[in-house]
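# Fold and geometry: a report
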Amino acid sequence: MEPEATGEPLSEADAHLADAEQAVTAAADLDELQKIRVEYLGAKGKITTLLKRLGRLPPQERPSAGRRINEVKATVEGLLERRRRELREAADRPSVPTDFSLPGRRLEPGRLHPLTLVTEDIVRSFRRLGFAVAAGPEIEDDYHCFDALNTPPDHPARDVQDTFYLREQDRRLLRTHTSSVQIRTMREQSPPVRIVVPGRVYRRDTADATHNPTFHQIEGLYVDRDVTIGDLKGTVSFVFREVLGKEVKLRFRPHYFSYTEPSMEIDFSSPVTRRMGREWLEIAGCGMVHPQVFENVGYDPEIWSGWAFGFGIERIAMIRYGIEDIRKFYENDLRFLRQF
Ligand code: DAH
């Protein structure tokens, strides 16, 4: 058998590569693509034939020719695979433009964040009792956040360790509680007042299972003639039973806040807190509005009396859903969020 002329299979391989590339690009469907595969790579295909003919080459030329032909074979395989994927994707795409207003079958509707759900339930409950929703800025000044609430300059809450100030020597800060909105509301409207204030607050805390530098509160304020602690207890108990179930028990414990007198903390007990290993969990501060606060906003404390409270929303959501780690609320992990 005559050895073939040097270089011949190599130039043929390059020619096949060029032809195959053109054919693959032009292939309109998967059937056509399969025919091209057979034509080049099948048992009797053009490239397969070249490989079979290697044995006829002079021995010293076989390695480099073999390498080149195998390269061409791999390149054609790659081209076929890419085109196959393109054609598949094109077949999956709808031929008419997608109409996003059509009702979806595969799209899941979005859902509300657990903190939003709890906030809305609490607000809805207070609305039924005649409370309105009020709001105030998250960037506050120390007058509304502290001074007007009877919190003196040497109070620990005003320390830079506890509060985010915007700049040194600046009176502006990130509000540490929603109580600042009590002052804003009372300075704007005359009594009686019945408001709740859901909102975000900030404190210098490092994040752990029960603390985060930003969290949410609901503030409440009720001002009228002859308001009593009995009204406070009755109102708060009503709302908690609505939001967290009939089995809940509340406990009012003496405490100190500079803007209420007397002041109390509210502890909460339910089957869920017991499952979390605690009989009582602290969830709110409250009390009767301090006469000095009324003076500060221009209400006559001889005529008006009132109560106020501040709940931590995360705490309530943790109890409601049995969540052990506050950081779960902020991680936006869909596996967590889809449960609500
Ligand atoms: N501002 C308090 C806090 O952030 C909560 C609070 C306590 C609000 C007593 C009140 C109140 O309105 O009367 O811990």
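Residues numbered from 1 in each chain as written. Predicted model: local features only at pLDDT ≥ 70, side-chain atom pairs only at ≥ 80, totals over all residues. Heavy atoms only, no water.

## Examining the sheet that holds strand β4 (residues 193-202)
Spatial strand order, β1-β4-β5-β9-β8-β7-β6: seven strands in an open sheet with mixed pairing. On the outer flanks of this sheet lie β1 (132-133) and β6 (249-255), each paired with one strand and no other. Taken strand by strand, helix α8 (residues 229-244) contacts β6, β7 (260-269), β8 (281-289) and β9 (305-312), and its axis lies near 30 degrees from that of β9. Strands in contact with helix α11 (residues 313-321) are β5 (214-224), β7, β8 and β9; relative to β9, the strand with the most contacts, it is inclined by about 60 degrees. (Pairing = 2+ DSSP bridges. Helix = DSSP H or I, 4+ residues; strand = E, 2+ residues; numbered from the N terminus. Contact = heavy atoms within 4.5 Å. Axes fitted to C-alpha atoms, helices over the stretch in contact; angles between N-to-C directions.)

## Some thoughts on the packing of helix α5 (residues 114-128) against α8
Between α5 and α8, the shortest axis-to-axis distance is 9 Å and the interhelical angle comes to 135 degrees. Here α5 is positioned oblique relative to α8, judged by the angle of their axes. Between α5 and α8 the crossing geometry is right-handed. Residues D121, I122, S125, F126 and R128 of α5 touch α8, and the partners they reach there are T235, F238, V239, E242 and V243. In terms of residue class, the contact of α5 with α8 is made up of five nonpolar, two polar and three charged. (Parallel < 35°, antiparallel > 145°, perpendicular 65-115°, else oblique. Left-handed = near helix turned anticlockwise from the far one by under 90°. Nonpolar A, V, L, I, M, F, W, Y, C, P; charged D, E, K, R; others polar.)

## As for the packing of aromatic side chains
All told, the structure shown has 15 aromatic pairs when counted by the stated rule. Ring geometry for Y222 against W307: centres 5.3 Å apart, planes inclined by 65 degrees, an arrangement best described as edge-to-face. Placement of Y222 in strand β5 and of W307 in strand β9 is noted, with a sequence separation of 85 residues between them. Taking relative accessible area as the criterion, W307 reaches 0% and is therefore assigned buried. Relative to F340, the ring of F336 has its centre 5.1 Å away and its plane inclined at 65 degrees; by these criteria the two rings are edge-to-face. The exposure class assigned to F336 is buried, which follows from its relative accessible area of 10%. The partly exposed category is assigned to F340, whose relative accessible area is 22%. Through a chain of ring-to-ring contacts, the aromatic side chains of F126, F131, Y222, F240, F268, W307, F309 and F311 assemble into a single cluster. We note R225 situated over the ring of W304; from NZ or CZ to the ring centre the distance is 4.8 Å. (Phe/Tyr/Trp six-rings, centres within 6.5 Å; stacked < 30°, edge-to-face > 60°. Buried < 20%, exposed > 50% of the residue type's maximum accessible area, 1.4 Å probe, protein only. Lys NZ or Arg CZ within 6 Å of the ring centre and 35° of its normal.)

## Describing the site of the ligand
The environment of the ligand is made up of 15 residues, and the closest members are Q182, R203, Q217, E219 and Y259. A distance of 2.6 Å is found between an oxygen atom of the ligand and a side-chain nitrogen or oxygen belonging to E219. Assessed atom by atom at 2 Å from the grid points, the ligand resides in the largest pocket. Secondary structure elements with two or more residues in the shell around the ligand: β5, β8 and β9. Residues belonging to the shell around the ligand are distributed by class as follows: five nonpolar, eight polar and two charged. (Near = heavy atom within 4 Å. Polar contact = N/O pair within 3.5 Å; in protein donor to acceptor, adjacent residues only side chain to side chain. 1 Å grid on protein atoms, 1.4 Å probe; cavity = no way out; pocket = protein on both sides within 12 Å on 5 of 7 lines; lining within 4 Å. Sits in = over half its atoms within 2 Å of the grid points.)

## A look at the pattern of salt bridges
The tally for this structure, following the rule as stated, stands at 22 salt bridges. Between E242 and R128 there is a salt bridge; the shortest N-O distance is 2.7 Å. Remark: R128 occurs in helix α5 and E242 occurs in helix α8; sequence separation between them is 114 residues. With relative accessibility at 34%, the residue E242 sits in the partly exposed group. Counted as one network, the salt bridges with shared partners bring together D142, D147, R158 and R171. (Salt bridge = Lys/Arg side-chain N within 4 Å of Asp/Glu carboxyl O.)

## Things to note about the nonpolar core
Membership of the largest hydrophobic core comes to 41 residues, with the highest contact counts inside it found for V236, F240, F309 and F311. Looking at this core, the element that brings in the most residues is α8, giving six residues. Apart from residues no more than four positions distant in its own chain, F311 is found in contact with F126, H216, Q217, I218, V236, F240, I266, I283, A284 and I316. (Core = buried A, V, L, I, M, F, W, Y, C linked by side-chain atoms within 4.5 Å.)

## A closer look at unusual backbone geometry
For the bond from P191 to P192, the omega torsion is 5 degrees, close enough to zero to count as cis. In this fold, P192 is placed in the loop between α7 (180-188) and β4. The linkage connecting E261 with the following residue, P262, adopts the cis geometry, with an omega of -5 degrees. Relative to the helices and strands, P262 is located in strand β7. With phi around 70 degrees, N150 is a residue other than glycine that occupies positive phi space. Mapped onto the elements of the fold, N150 is located in the loop between α6 (142-145) and β3 (172-174). Classification of N150 by relative accessible area gives partly exposed; the value is 25%. Its identity is not glycine, yet D226 carries a phi of approximately 55 degrees, on the positive side. By the secondary structure assignment, D226 is in the loop between β5 and α8.

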